[in-house]
Amino acid sequence: MWGYLLRRLFESALILLGITFVTFVLLYLVPADPARQIAGRSATAATVDNIRNQLGLNDPLVVQYWRYLTGLAQGDMGRSYLQRAEVSSLIASRLPASLLLMVSAIVTELIMGLTIGVVAALRRNRPVDHSLMIFSFVAISAPQFVIGILLLYVFAVQLGWFPIGGYGTFAHLVLPSITLGLLGAGWYSRMMRSSMIEVLNQDLVRTARAKGLSKLRIVAGHVMPNAILPIIAMIGIDIGLFMSGIVVVESVFGWPGIGQLAWQAIQRIDIPVIMGVTMVSATAIVLGNLIADLVAPLIDPRIKTK
Amino acid sequence: MKTILLSGIAGFALAASGALAQVDEDAPQGGEMAVTYQDDVATLDPAIGYDWQNWSMIKSLFDGLMGYEPGTTTLRNELAESYDVSEDGLTHTFVLKDGIKFHNGREITAEDVKYSLERVTNPETRSPGAGFFGMIEGFDSWNTGEGEGLSGVSVIDDKTVEITLSRPDATFGHVMALNFASIVPQEAVEEAGEDFGRQPVGSGAFRLAEWTPGQQLVFERFEEYHRAGVPKLDSVTFNIGLDPTVALLRIQNGDADIPGDGIPPAQFLQVTGDAAYDDQIVEGGQLQTGYITMNTQMAPFDDVEVRRAMNMAINKDRIVQMINNRAVPANQPLPPTMPGYDADYEGYAYDPEAARQMLADAGFPDGFETELYVMNVDPNPRIAQAIQQDLSEIGVTAQIRSLAQANVIAAGGEADQAPMIWSGGMAWIADFPDPSNFYGPILGCAGATPGGWNWSWYCNEDIDARATEADAMVGEAAAREDAWRQIYVDIMADAPWVPVFNEQRFTLHSDNVAGDDSLFVDPVHIPVNYDYIYATEAQ
């Protein structure tokens, strides 16, 4: 187990190193010149060159990359070109909001997805099942931007139950979590439904029924624990999905997370911030996958860690 | 040395911008307002901030020696009690008002002026505005990292600063009204270091009371502001991170007063057609021109007849209609609200028949193939398609190259890359209300260098000399304006651009706040002049 963990951690570090390299090279290849962006349109060529020198942008790619890596190893992610603030402090001030939204969206998608999946499986091929599956189809296909605006319009503007975007209280959290969780809820309800149906058809269920167990005990005690396994493994992978959704949802609801930070940095070629946000999200995705792999054998002893 | 009062610049701008706005200077103080924005504020450091969102915020937090009458392009003294210019136009003397203070309570002295100007031009500061101060003596050596400070700026006594220029420049008053010329306290800058943009200390009408990144900023009234009775509001709250569509919902709900990003294009017709908004929508001109550049160093655009034909081929009215009339058709580089605009100039009429004939006479009876570069954000690709269609009417096949903003700018800055560029989303909005601001970087020889903004690569040395001459006409406002007017008319004879339209600004405000319409579309404070808007409940 520990050997496995160490090996996986080492692999994760390698993956992250690869990501820094790819991102760095891509940003280096972008034809737009950050120095020119900083210098403004009134600048002379000499001024632009001066800025390029100050930021070390005239150095060869390898030198720049090495400087970035050695800084990163010491916990220094550099300073934003535009805001001039430390990238680490910019990210630190926004990460809690993103994490809160992400955790709350995971809870939302699990509650919604599992409930819908279980109900649909138990009412298979009946109108309830059909309408729930249509709902999950819509949840998967609808753009998050549209869902967010729609929820805001109905529940915040018309009904006045929630504030119109913003951050701070539990009421602020509800609509963004639902918007972000809806996509996952759609997937999970479909997975849970088919997983339940598969288990329901297995021998253990027939045996349990033959023993005279109540329907509730069969479903709660035997079917659900078996059916839920593939879904747990998915949650870790989900974090990657959330990282893309979070940019959209945060911008609709004015949620002060890293998605918002990333979006602005990309528009203004603020390379240190783009690198920083990429690193943080990549770390989250890699860790999520790692945790999913580590948790799986705990739930299902048939899966072994090697 | 004889000095002349520089009422000239003020008078000339005033005449051009029409009547003075009826700003109610005696409006009651009190109340508050909420403004929404999608993007977080990048910085509030006046030496660094250079986007339209923080431009106006910085104007409320900081003051320079010069400023503008609210709602107009009329220059006025701000922190300066007096401003004198020597007859040769080279020595500019400013005397500070008495008893003006920074937000930290310290009185402003002439040393602060010198420090602030040296800070913005110091290469270490990496200010996007440093280039504006190029006329100050000693700029070149100081800005390239040599020498000790700006030799042209000298402190005469506690209240007096004398600035020597290396060439006479009639725009210097405007330059001193730019945010980049704001006066900052050295001790606060040094204490905050690189974080000064997050902890700004100025002498403006408001001071920063709170900044929660990604959420909100709160400005509070600066009680010791040097203008009595200003600002009107007790506080302004900026709610950050709200999509323009969501911002509109907030305003409908009474949770916000002004959408900082304007009326979202998707809702434009719905909002402007809704009677409920009738009293709340304000329309104003903008110091902006959208144009098509034709690279005068690339065939076939090296032929002036071809460029003139292009000018006659574009149906500008249709393009303006396409963007829901959020602009007015243009026929010259300067926008109508800019001094030097020639209202009598008729420009090139839309006449595809004549244009085709001109092309044939120039040796292109069957037209030619070319490329049109455009920024890939709506509505610009749609506008490019309209241009493409108009050109096909005269036999010109234009392939559209729709790219990210930075890539289009990069292509324009190369001599042989982009035959045609539609400027929308990139250029050109004036930095200050003076006709010279539409020349140097975008039409002058100096801008026709690699990485420059003169995407036509147009360089007419005769006109360049006349531009230099016009800028040296200190204290001859009317003559100078005439000189510039003639320069732009003559440029149009060379036709390096097809001027297409001048954008109009449309904004909206709730019933909770009021003020003259001009304040909500202030040409200098974009999107609104925070200092003079008042709360209706305070009345």
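Residues numbered from 1 in each chain as written. Chains lettered and ligands numbered in written order. Predicted model: local features only at pLDDT ≥ 70, side-chain atom pairs only at ≥ 80, totals over all residues. Heavy atoms only, no water.

- As named in an unreviewed UniProt entry, chain B is Glutathione-binding protein GsiB, taken from Pseudoroseicyclus aestuarii.
- The Subcellular location (unreviewed entry) comment attached to chain B in UniProt states, word for word, "Periplasm".
- The UniProt entry for chain B carries the following text under Sequence similarities (unreviewed entry): "Belongs to the bacterial solute-binding protein 5 family." (UniProt positions renumbered as here; feature names shortened; annotations may be inferred.)

- Looking at an unreviewed UniProt entry, one finds chain A named Peptide/nickel transport system permease protein, with Pseudoroseicyclus aestuarii as its source organism.
- For the record of chain A, the UniProt heading Subcellular location (unreviewed entry) holds the text "Cell membrane".

## As for the state of the cysteines
Residues and elements named next belong to chain B.
Thought 1: Scanning all chains against the criterion turns up 1 disulfide over all chains.
Thought 2: In this model, Cys445 is linked to Cys459 through a disulfide, with the two sulfur atoms separated by 1.9 Å. Residues Cys445 and Cys459 are joined by a disulfide whose S-S torsion is about 95°; by sign, that bridge is right-handed. Of the two residues, Cys445 is situated in the loop between helix H14 (440-443) and helix H15 (461-471) and Cys459 in the loop between H14 and H15; the sequence distance between them amounts to 14 residues.
Thought 3: For Cys459, a relative accessible area of 37% gives the class partly exposed. (Disulfide = S-S within 2.5 Å. Helix = DSSP H or I, 4+ residues; strand = E, 2+ residues; numbered from the N terminus. Buried < 20%, exposed > 50% of the residue type's maximum accessible area, 1.4 Å probe, protein only.)

## Here we look at the confidence of the model for chain A
A low pLDDT score tells you not to read the predicted coordinates there in detail.
Thought 1: In this model, chain A carries a mean pLDDT of 86, and residues with pLDDT of at least 70 account for 98%.
Thought 2: The spread of mean pLDDT over the elements of chain A runs between helix H11 (residues 229-253) of chain A, the lowest at 79, and helix H4 (residues 61-73) of chain A, the highest at 91. (pLDDT = per-residue confidence, 0-100.)

## Quick notes on the nonpolar core
Thought 1: Among the nonpolar cores identified, the biggest contains 45 residues, and Leu152 and Met196 of chain A are the most heavily contacted of them.
Thought 2: Those elements giving two or more residues to this core turn out to be helix H5 (87-122), helix H7 (144-158), helix H8 (170-200), helix H9 (203-210), helix H10 (215-227) and H11 of chain A together with helix H7 (244-252) of chain B.
Thought 3: With 10 residues, the top contributor of residues to this core is H8 of chain A.
Thought 4: If we ignore the near neighbours within four places in the chain, the residues touching Met196 of chain A are Val118, Ala121, Leu122, Val219, Val223, Met224 and Ala227 of chain A.
Thought 5: By size, the runner-up hydrophobic cluster in this structure holds 43 residues, among which are Leu96, Met135, Leu150 and Val175 of chain B. (Core = buried A, V, L, I, M, F, W, Y, C linked by side-chain atoms within 4.5 Å. Contact = heavy atoms within 4.5 Å.)

## Topic: the UniProt feature "domain: ABC transmembrane type-1" (unreviewed entry) in chain A
Thought 1: As recorded in UniProt, the sites labelled "domain: ABC transmembrane type-1" (unreviewed entry) are residues 95-296 of chain A.
Thought 2: Helix makes up 85% of residues 95-296 of chain A and strand 0%, with an end-to-end C-alpha separation of 27 Å.

## A closer look at the side chain of Arg119 of chain B
Residue and element names in this part refer to chain B.
Thought 1: Its location among the elements puts Arg119 in helix H3 (residues 110-121).
Thought 2: One polar contact links Arg119 to Asp45, side chain to side chain, over a distance of 2.6 Å.
Thought 3: Look past the residues within four positions of Arg119 in its chain and what remains in contact with it is Asp45, Ala47, Thr125, Val184, Val189 and Phe196. (Polar contact = N/O pair within 3.5 Å; in protein donor to acceptor, adjacent residues only side chain to side chain.)

## Some thoughts on the packing of H8 of chain A against H10 of chain A
Residues and elements named next belong to chain A.
Thought 1: One way to put it is that H8 packs onto H10 with a least axis distance of 8 Å and a crossing angle of 120°. Taken as axis vectors, H8 and H10 run oblique relative to one another. The crossing of H8 and H10 is right-handed. Contacts between H8 and H10 pair Met192, Ser195, Met196, Val199 and Leu200 from the former with Val219, His222, Val223, Met224, Asn226 and Ala227 from the latter.
Thought 2: Residues that form the contact of H8 with H10 fall into these classes: 8 nonpolar, 3 polar and no charged. (Axes fitted to C-alpha atoms, helices over the stretch in contact; angles between N-to-C directions. Parallel < 35°, antiparallel > 145°, perpendicular 65-115°, else oblique. Left-handed = near helix turned anticlockwise from the far one by under 90°. Nonpolar A, V, L, I, M, F, W, Y, C, P; charged D, E, K, R; others polar.)

## Remarks on a nonpolar patch on the surface
Residue and element names in this part refer to chain A.
Thought 1: Taken together, the side chains of Tyr153, Val154, Leu159 and Trp161 define a hydrophobic patch exposed on the protein surface, amounting to about 410 Å² of accessible area.
Thought 2: Tracing the chain through its elements places Val154 in helix H7.
Thought 3: Classification of Val154 as partly exposed rests on a relative accessible area of 36%. (Patch = residues over 30% accessible without salt bridge, like charges linked within 9 Å, V, L, I, M, F, W, Y side chains within 5 Å. Areas by Shrake-Rupley, 256 points an atom, 1.4 Å probe, with all protein chains shown as cover. Salt bridge = Lys/Arg side-chain N within 4 Å of Asp/Glu carboxyl O.)

## Describing the interface of chain A and chain B
Thought 1: Taken together, the contacts link 42 residues of chain A with 44 residues of chain B.
Thought 2: Approximately 3,600 Å² of surface area, both sides summed, lies buried where chain A meets chain B, with 49% of it carried by carbon and sulfur atoms.
Thought 3: When the area that chain A buries against chain B is broken down by residue, the three leading residues are Arg41, Arg84 and Ile164 of chain A, summing to 24%.
Thought 4: If you look at where chain A meets chain B, you find 2 salt bridges.
Thought 5: Two residues, Asp40 of chain B and Arg94 of chain A, come together in a salt bridge whose shortest N-O distance is 2.7 Å.
Thought 6: Applying the counting criterion to the chain A and chain B interface returns 11 residue pairs in polar contact (both at pLDDT 80 or more).
Thought 7: Counting only elements with at least two residues in the side of chain A that touches chain B, the list comes to helix H2 (34-39), helix H3 (45-54), H5, H7, H11 and helix H12 (258-267) of chain A. (Buried area = accessible area lost by both parts, 1.4 Å probe.)

## What to know about a positive patch on the surface
Residues and elements named next belong to chain A.
Thought 1: On the surface, Arg123, Arg126, Arg209 and Lys215 cluster together to form a positively charged patch.
Thought 2: Note that Lys215 resides in helix H10.
Thought 3: The class of Lys215 is exposed, set by a relative accessible area of 55%. (Lys, Arg positive; Asp, Glu negative; His and termini not counted. Charge placed at Lys NZ, Arg CZ, Asp CG, Glu CD.)

## A short note on the environment of Pro244 of chain B
All names here are of chain B.
Thought 1: Along the chain, the position of Pro244 falls in helix H7.
Thought 2: When its relative accessible area of 17% is taken as the criterion, Pro244 is described as buried.
Thought 3: Residues Pro244 and Thr397, spaced 153 residues apart in sequence, show a C-alpha to C-alpha distance of 37 Å.
Thought 4: Setting aside residues no more than four positions away along its own chain, Pro244 makes contact with Gln38, Asp261 and Pro264.

## Details of the domain arrangement of chain B
Residue and element names in this part refer to chain B.
Thought 1: Segmenting chain B into domains produces domain 1 (63-198), domain 2 (206-280 + 520-535) and domain 3 (288-504).
Thought 2: Taken together, the 17 residues of domain 1 in the interface contact 15 residues of domain 2.
Thought 3: Across the domain 1/domain 2 interface, buried area totals approximately 1,300 Å², and carbon plus sulfur atoms make up 54% of it.
Thought 4: It is Lys101, His103 and Arg198 that lose the most area in domain 1 upon contact with domain 2, and together they represent 39% of the buried surface on that side.
Thought 5: For Lys101, the salt bridge goes to Glu224, with nearest N and O atoms at 3.2 Å.
Thought 6: Counting every contact that joins domain 1 to domain 2 gives 9 residue pairs in polar contact (both at pLDDT 80 or more).
Thought 7: The residue inventory of the side of domain 1 that touches domain 2, partitioned by class, reads 5 nonpolar, 6 polar and 6 charged. (Domains from an automatic or database assignment.)

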